[in-house]
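# Coordinate analysis (summary)
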Amino acid sequence: MEKLLLLMVMFATCCATPKDLSGKVFVFPRESNRDHVKLLTSQNKFSFLTTCLRFQTDLTRNYGLFSLATPTHSNDFVLFKTSSADVMRMHARDGGSDFLSLSFSPGTWHSMCATWRSDNGLAQLWVNGKATIKRFIQTGAITGAPITILGQEQDSYGGGFDATQSFIGMISKVHMWNYVLTATDIKRYMGGQHITPGNVFNWGSLDYEITGQVLVEEESEVM
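Here the structure is a predicted model, which means the values were calculated and not measured.

## Some thoughts on the overall build of the protein
- In terms of helices and strands, the protein carries three helices and 17 strands.
- Computed over the C-alpha atoms, the radius of gyration of the protein is 17 Å, within 12% of the 17 Å expected from 2.2 N^0.38 for a compact globule of 223 residues.
- Taking the principal axes of the C-alpha coordinates as reference, the protein spans close to 60 × 40 × 35 Å.
- Each of the 223 residues in the protein was classed as buried or not, and the buried ones make up 47%.
- Residue pairs in contact within the protein that sit at least 24 positions apart in sequence constitute 69% of those at least 6 positions apart.

## Let's talk about the packing of aromatic side chains
- Applying the stated rule across the entire model yields six aromatic pairs.
- Summarising the aromatic geometry, the rings of Phe28 and Phe167 are spaced 5.6 Å apart at their centres and angled 80 degrees between planes, so their arrangement reads as edge-to-face. Of this pair, Phe28 sits in strand β1 (residues 24-28) while Phe167 sits in the loop between β14 (147-150) and β15 (169-177); the two residues are 139 residues apart in sequence, bridging distant segments of the chain.
- Seen in terms of ring centroids, Phe55 and Phe104 are 6.0 Å apart; in terms of plane orientation they differ by 35 degrees. Their pairing is tilted. With a gap of 49 residues between them, Phe55 in strand β4 (residues 48-56) and Phe104 in the loop between β8 (95-99) and β9 (110-117) connect regions that are remote in the sequence.
- By relative accessible area, Phe55 is classed as buried at 1%.
- Judged by relative accessible area, Phe104 falls into the buried class, the value being 12%.
- Members of the aromatic cluster, joined through ring pairs, are Phe26, Trp203 and Tyr208.

## A closer look at helix α2 (residues 183-190)
- Among all positions in α2, only Ile186, Tyr189 and Met190 are buried. Within α2, the buried residues cover an arc of 95 degrees as seen down the axis, which keeps them to one side.
- Residues of α2 that are buried in the fold lie against β4, β9, β10 (122-127) and β15.
- Where α2 ends, the next residue or the one after it, Gly192, has phi of about 75 degrees, a positive value.

## Observations regarding the nonpolar core
- Core analysis: the biggest nonpolar cluster contains 41 residues, and Phe26, Phe55, Phe66 and Met112 have the highest contact counts within it.
- When residues in this core are grouped by element, the largest group, four residues, is from strand β5 (residues 63-70).
- In terms of nonpolar packing, the next biggest core, distinct from the first, is built from nine residues, Trp126, Leu181, Tyr189 and Met190 among them.

## Comments concerning the pattern of salt bridges
- What the rule picks out here adds up to seven salt bridges.
- Between Glu218 and Lys24 there is a salt bridge, with the nearest N and O atoms lying 2.4 Å from each other. With Glu218 in strand β17 (residues 215-218) and Lys24 in strand β1, this pair connects stretches of sequence that are 194 residues apart.
- A relative accessible area of 23% means that Lys24 is categorised as partly exposed.
- A salt bridge links Asp119 to Arg117, with the shortest nitrogen-to-oxygen separation between them at 2.9 Å.
- Judged by its relative accessible area of 31%, Arg117 falls in the partly exposed class.

Rules used throughout
- Residues numbered from 1 in each chain as written.
- Predicted model: local features only at pLDDT ≥ 70, side-chain atom pairs only at ≥ 80, totals over all residues.
- Heavy atoms only, no water.
- Helix = DSSP H or I, 4+ residues; strand = E, 2+ residues; numbered from the N terminus.
- Rg over C-alpha atoms; globule rule 2.2 N^0.38 Å.
- Buried < 20%, exposed > 50% of the residue type's maximum accessible area, 1.4 Å probe, protein only.
- Contact = heavy atoms within 4.5 Å.
- Phe/Tyr/Trp six-rings, centres within 6.5 Å; stacked < 30°, edge-to-face > 60°.
- Arc of directions from axis to C-beta.
- Core = buried A, V, L, I, M, F, W, Y, C linked by side-chain atoms within 4.5 Å.
- Salt bridge = Lys/Arg side-chain N within 4 Å of Asp/Glu carboxyl O.

It is worth stressing that arrangement in space is one thing and function is another; only the former is reported here.
What follows is the structure in structure tokens.
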């Protein structure tokens, strides 16, 4: 019986069908050290990255939006909102840098894209159509099987969640590419225009797992 259950779990994992979440949002309704969405990919090396998403929250404390960890680095690529109203922190390869003078009005939808490249360690944020300066974080490719989490910040590989850093709000239109998008494509994403979907994570064909009380709701009901 144990072998049968193991085979069933393996089958469900390897044969999960990606879902089209067009017109949907993830709703994170409470503070928790458990609730999260895990994004699944078979890719395990990243020399360049672009991650884009839309989110809304009324939180004024710090919170984790996007957390990619590998067995050797718990902060291999992280987007973390600090308690300072105008600061977003980005991590890469366990290094980090704060991007300043940003605007995140509470209760408003925000579009954000983050880029990073391993050859020179430079990273940049785009928030609501505006680009920040480029900042150095860390060089060297991200390698190893990633665990990617929405709504929590990993302090260990796949865990170490802190309820006081959990996200409460809504997240939508998550994409990730294994290259740096052009400024033109980032502007098109933020303007709601057609772009080439993410080739790591694609909101229109997303492989994911929900743990805890995270809901999938119609975008038209919350926007």
